[in-house]
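Descriptive analysis of the structure
Below, each chain spelled out in residue letters.
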Amino acid sequence: MVHRLQWWLQPSLLVVPKHTEWPVLKEIKSWSRNIKKQKNLSDLSLSQAHTPHAEICCFSSRIKYFNSRKMSVFTQQLNPITGKLEWGIQPEDYDYKQEVARSAYADMLHDQERNDKYYEGLRRSIADLRKRGQEVHVLDIGTGTGLLSMMAVACGADSVTACEAFYPMAECARKGLTANECADKVRLVPKRSTEIEVGPGKDMERRANLLVAEVFDTELIGEGAIDTYRHARDVLLTEDALLVPSEGTVYAQVVSSKMLQRWNHIQPVTRIKQGSKEEEVLVSVPECVQRCPGAAAVHDIQLSQVPQEWFTPMSHPLPVFWFDWSGRQKDIPCDETTRVKFKTLASGDCDAVFMWWDLRMDQDGEVMLSCAPYWAHPDLADKSWKGSSEDIPWRDHWMQAVYYLPQPRTVCEDTTFTLLSAHDEYSLWFNIQKDESEDICEERPVCECGIHIANSRTRLGQLNDPRRLEMYVRVLEKYIKPDSVCLALGDGCLMAVAAAKLGARHVYVTEGSDPNRRVIQEFITTNDVQHNVTILSEDVCDTSVEQMVSPATITFSEPFFSTSLLPWHSLYCWYMRNTCLHLLAPGAIRTPGTVTIWGLPVQYRDLWKIRAPLHQCNGFKMDIFDKLIETACEEADERVEPQPLWEYPAKARGYPIRLLTLDLAAPIPENPMTSADSITLPSPGHVNGMALWADWHMTDEPGDALTTGPVEPVALDQYVSWDVYSRQGVYLFKEPVTVDKMQPHTLHYSVTFQPCDGTMVFDFQMKRQTLNDS
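Residues numbered from 1 in each chain as written. Predicted model: local features only at pLDDT ≥ 70, side-chain atom pairs only at ≥ 80, totals over all residues. Heavy atoms only, no water.

1. Focus: the sheet that holds strand β23 (residues 506-510)
The cut-off we apply is this: For two strands to count as paired, DSSP must find a minimum of two bridges between them. Secondary structure elements follow DSSP: runs of H or I no shorter than four residues count as helices, runs of E no shorter than two count as strands, and numbering proceeds from the N terminus. Note on method: axes are straight lines fitted to C-alpha atoms, helices fitted across the in-contact stretch only, with angles between N-to-C directions ranging 0 to 180 degrees.
A sheet is described by the order of its strands in space; here five strands give the open sequence β24-β23-β22-β25-β26, paired in parallel fashion. Because the sheet does not close on itself, it has two edges, and the strands there are β24 (533-536) and β26 (584-591). Across the sheet, the axes of successive neighbouring strands diverge by a mean angle of 20 degrees, strand direction being ignored. Across four bridges, strand β25 (residues 552-556) lies against β26 in parallel orientation. Bridging from a neighbouring strand, alanine 552 pairs with leucine 584 of β26.

2. A word on the nonpolar core
What counts here: To define a nonpolar core, start from buried Ala, Val, Leu, Ile, Met, Phe, Trp, Tyr and Cys residues and group those joined through side-chain atoms within 4.5 Å. When a residue's accessible area, from a 1.4 Å probe over protein chains only, is under 20% of the maximum for its type it is buried; when over 50% it is exposed; and in between it is partly exposed.
Core analysis: the largest hydrophobic core is formed by 94 residues, its most contacted members being Phe523, Trp568, Leu571, Met760, Phe762 and Phe764. Looking at which element gives the most residues to this core, the answer is helix α11 (residues 466-479), with seven residues.

3. Considering the sheet that holds strand β38 (residues 759-768)
Spatially, the three strands line up as an open sheet ordered β33-β37-β38, and their pairing is antiparallel. This sheet does not close on itself; its edge strands, each paired only once, are β33 (673-680) and β38. Looking at each pair of strands side by side, their axes are set apart by 10 degrees on average, direction ignored.

4. Digging into the packing of helix α3 (residues 112-131) against helix α4 (residues 147-154)
Defined as follows: Note on angle classes: values under 35 degrees are labelled roughly parallel, values over 145 roughly antiparallel, values of 65 to 115 roughly perpendicular, and the remainder oblique. By definition, any crossing whose near helix is turned counterclockwise from its far helix by less than a right angle is left-handed, and any crossing with a clockwise turn is right-handed. Two residues qualify as a contact provided that any one of their heavy atoms is within 4.5 Å of a heavy atom in the partner residue. Polar here means any residue outside two lists: the nonpolar Ala, Val, Leu, Ile, Met, Phe, Trp, Tyr, Cys and Pro, and the charged Asp, Glu, Lys and Arg; Gly therefore counts as polar.
At a minimum axis separation of 9 Å, α3 and α4 run at an interaxial angle of 40 degrees. With respect to α4, the axis of α3 lies oblique. Of the two elements, α3 crosses α4, and the hand of that crossing is right-handed. Facing α3, whose interface residues are Asn115, Tyr118, Tyr119, Leu122 and Ile126, α4 presents Leu147, Leu148, Met151, Ala152 and Ala154. Of the residues assigned to the contact of α3 with α4, the class counts are nine nonpolar, one polar and no charged.

5. Regarding the pattern of salt bridges
Side-chain pairing between opposite charges can occur once the charged atoms of the two side chains come close. Short version of the rule: By convention in these notes, a salt bridge is any Lys or Arg side-chain nitrogen within 4 Å of a carboxyl oxygen on Asp or Glu.
Under the defined criterion, the tally for this structure stands at 37 salt bridges. Here glutamate 280 and arginine 271 are joined by a salt bridge, their closest N and O atoms 2.7 Å apart. For glutamate 280, a relative accessible area of 22% corresponds to the partly exposed category. Among the ionic contacts, a cluster of salt bridges with common partners joins Glu120, Arg123, Arg124, Asp362 and Glu366.

6. Some thoughts on the packing of helix α10 (residues 457-464) against α11
At their nearest, the axes of α10 and α11 sit 5 Å apart, and the two run at 55 degrees to each other. What the angle tells us is that α10 and α11 run oblique. Along its contact with α10, which presents Gln462, Leu463 and Asn464, the element α11 presents Pro466, Arg468 and Leu469. Per-class residue counts for the contact of α10 with α11 are three nonpolar, two polar and one charged.

7. Structural notes on the packing of aromatic side chains
Just so we agree on the cut-off: Ring pairs shown here join Phe, Tyr and Trp side chains whose ring centres sit within 6.5 Å, with only the six-membered ring taken for Trp; geometry is labelled stacked below 30 degrees between planes, edge-to-face above 60, and tilted in between. Any Lys NZ or Arg CZ found within 6 Å of a ring centre and within 35 degrees of that ring's normal is scored as a charge over the ring.
Per the counting criterion, the structure on display carries 31 aromatic pairs. Plain terms: the ring middles of tyrosine 403 and phenylalanine 430 are 5.1 Å apart, the flat faces sit at 65 degrees to each other, and that makes the pair edge-to-face. With tyrosine 403 in strand β19 (residues 400-411) and phenylalanine 430 in strand β21 (residues 428-433), the pair connects residues that are 27 residues apart, well separated along the chain. According to the relative accessible area criterion, tyrosine 403 is buried, its value standing at 5%. An aromatic cluster is defined as three or more aromatic residues linked by ring pairs; in this entry it consists of Phe216, Tyr229, Phe321, Phe323, Trp325, Trp357 and Trp398. Between the NZ or CZ atom of arginine 639 and the centre of the ring of tyrosine 731, over which it lies, the distance is 4.2 Å.

8. Section: the confidence of the model for the protein chain
Detail in the predicted coordinates should be disregarded across regions flagged by low pLDDT. Our working definition: Residue-level confidence of the predictor, termed pLDDT, takes values from 0 up to 100.
Looking at the protein chain as a whole, its pLDDT mean stands at 87, while 87% of the residues score no less than 70. The low-confidence segment residues 1-69 (pLDDT under 50) makes 206 contacts with residues lying over four places distant or belonging to another chain.

9. Structural notes on the pairing of strand β17 (residues 348-360)
Burial runs high along β17: 12 of the 13 residues are buried. Note: strand β10 (residues 247-256) against β17, nine bridges, orientation antiparallel. Its bridge partner lying in β17, valine 254 is registered against valine 353. Looking at chain direction, β17 and β19 are connected through seven bridges and run antiparallel. Counterpart to glycine 348 in the pairing with β19 is valine 411.

10. Observations concerning the environment of lysine 84
On the secondary structure map, lysine 84 appears in the loop between β3 (68-78) and β4 (85-91). Linking lysine 84 and aspartate 757, residues 673 residues apart in sequence, is a C-alpha distance of 8.6 Å.

11. Concerning α3
We apply this condition: A helix's residues, less one, multiplied by 1.5 Å, set its expected span.
Between its terminal C-alpha atoms α3 stretches 29 Å, which fits the 28 Å expected from 20 residues at 1.5 Å a residue. Among the residues of α3, Glu113, Arg114, Asn115, Lys117, Tyr118, Gly121, Leu122, Ser125, Ile126 and Leu129 are the ones counted as buried. Once α3 finishes, glycine 133 follows within two positions and takes phi at roughly 80 degrees, a positive value.

12. Observations regarding the environment of lysine 341
Along the chain, lysine 341 turns up in strand β16 (residues 336-343). Leave out the neighbours within four places in its chain, and lysine 341 touches Thr416, Phe417 and Thr418.

13. With respect to unusual backbone geometry
The residue after glutamate 558, namely proline 559, is reached through a cis peptide bond having omega 0 degrees. Relative to the helices and strands, proline 559 is located in the loop between β25 and α14 (572-578). The step from threonine 591 to proline 592 runs through a cis peptide bond, and the omega angle for that step is 5 degrees. Mapping proline 592 onto the fold places it in the loop between β26 and β27 (594-604). One non-glycine residue, aspartate 414, adopts positive backbone phi at about 65 degrees. Inspection of the secondary structure puts aspartate 414 in the loop between β19 and β20 (416-423). By relative accessible area, aspartate 414 is classed as exposed at 53%. The phi dihedral of asparagine 618 falls on the positive side, at around 50 degrees, and the residue is not glycine. Along the polypeptide, asparagine 618 turns up in the loop between β28 (616-617) and β29 (620-621).

14. A few points about α10
One turn of an α-helix holds 3.6 residues; hence residues three or four places apart share an orientation. Burial runs high along α10: eight of the eight residues are buried. Those residues of α10 that sit buried are Arg457, Thr458, Arg459, Leu460, Gly461, Gln462, Leu463 and Asn464. In the core, the buried residues of α10 are packed alongside α7 (258-261), β13 (299-301), β19, α9 (451-454) and α11.

15. Some points on the side chain of threonine 415
The criterion, for reference: Polar contacts, as used here, are pairs of N or O atoms within 3.5 Å; protein pairs need one atom able to donate a hydrogen and one able to accept it. Residues neighboring in sequence count only if both atoms are side-chain atoms.
Mapping threonine 415 onto the fold places it in the loop between β19 and β20. At 2.9 Å, the side chain of threonine 415 and the backbone oxygen of cysteine 412 are in polar contact. Not counting residues within four places of it along the chain, the set of residues in contact with threonine 415 comprises Phe342, Lys343, Thr344 and Lys434.

Here it is in structure tokens:
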């Protein structure tokens, strides 16, 4: 993942090399905290790696500090706002702390149902072994904090072996076992389970007769569960060993959803003909894009937050895979295809498949852990569609998934079809078949057009968002004239083709990604504007005005860049525009003209758990783990992280606050800009965080502001409706407050814009009002 070069430096030789002098591996890292389950794989282009910042590489060095030798790490990062590679010095264990900070350990341990059902599964399985007259020797694979091992000890296991390959967590488990007086009862092995040796004097004295493991992700098998269990069965377990969990079942539900299809299939750009109400196609989609089966990557999502009006069920939930983790009743196949017949529940298009799974935690099937959305959850059988996400446990480490069918399939109600389900060792895919005689593709779908490789799910949604497209077209119609020369700044900017179709003399569009250049060229050819559109490299500072038909009279940005994670990262269009001033005509129109950063005090219903301390779990002390996470987050994480807040309900505990406005038509300032103020928080209410977003003002008209925040007016104490095609910024308070008339609080806020590197520094503090304040 990360290239490393080791070299020894004396203080006198401490010189940071130019990035061009070293082999550099580009890693665009995602905003996901969850390294274990790769939560936001679905929101990254397939050409990108899966980590939360646009880090390029790390160089390790030894440097003397205060007369002592100390290992430190040079990190080279791509600044998403300025577009420049920047160097920084981090502690030696920076990488480890990043992984700890972004792991799913915290919210996983906040999942009380998960903890309780693992505990109950262990209790029952150990009792079953006792009834056989056997000693109980437990193997805990991927112990993490050691919680499951301590549960096994509490349930009376004779011996416990716990393995954990991630060294920081292994050390955390070692200290946690000591704090909970289990250190002498659990043998901790800092290895992968596939590296464990069994025999006298080795890692395990004997094979275990009880295995407890949590090696699952949203796809159930994406963390390598199949290989883990097959190896354990063959090498680490007795023939009659019990397992917790013992089985897993994957469910699928076929749905019709044009809304969800916006995250997968590109639709034409349309507009209303002037002087009529008739709609016409402005930008046509190339045939290769229309035929493309789309991205193979799973789209993991909080299905219980998907509004019912977004989709129509075309089938009931169908069990499609069953895994016997022991491999005794049925082998655990690395590759498998199943066919399940179903009758369609409605007429329409079968567009996608919802997927979730459950686990049988005991041997009798009485203790079940389900990841189903509320309408299919076994605990809500009496409510079904009348339930809600509040009726089931919240978890972010295991969600549900959407798989898009290679092509939509039009069906009639009450018709029999077959759902083809397939998996390899790590992933799943699906297709629809009318009957066995029909020839359909059974292979894993692969993007053939390039657009799914070059663009994230979020970006695909933006390219199909009617609200955005209508605004962009309206703005271009306002500014484009027959003699207009347009310079479009952005990644995958299809509006450049729209500008040409609207009659611009010539359009120049910047694009730094080779896959996107090929995609845009396909759109240019399909729409017959190849003589009116020229693709430039992203680095336009080397382009001379003599290479253009004339200086640009309009610069346009959507704004979007593939490196943009937080809403204000698209300020890159300002910095990029600043490098091409020599290409602009005097008085050139610049859109967007301004950007406003907003904040909103909120009560996150569940999201606060990703950073909240545990203190204890099922009676076991977790203070050491809390400290590990806190330290890792402070040293390796940003204070604000991006999240798709439409998936994470939050109630407004105030009204939107205008934090800062930047004039993008003006030169980039030389000195930092700071805005600070305070407000009294309305009562009553609980405040545990801030939600942050940006509004991009494309023109001076109020209706031409593109928001990445609330799409409906914010109402106090009501859930906020967010733009589903953007990530918002999340700022969580370390110490939430409850506001009431007896305890009024003031929110003090400030934001500083650092022009030198584009950094936004936010500070929010809630203080209880005193008599002097009032």
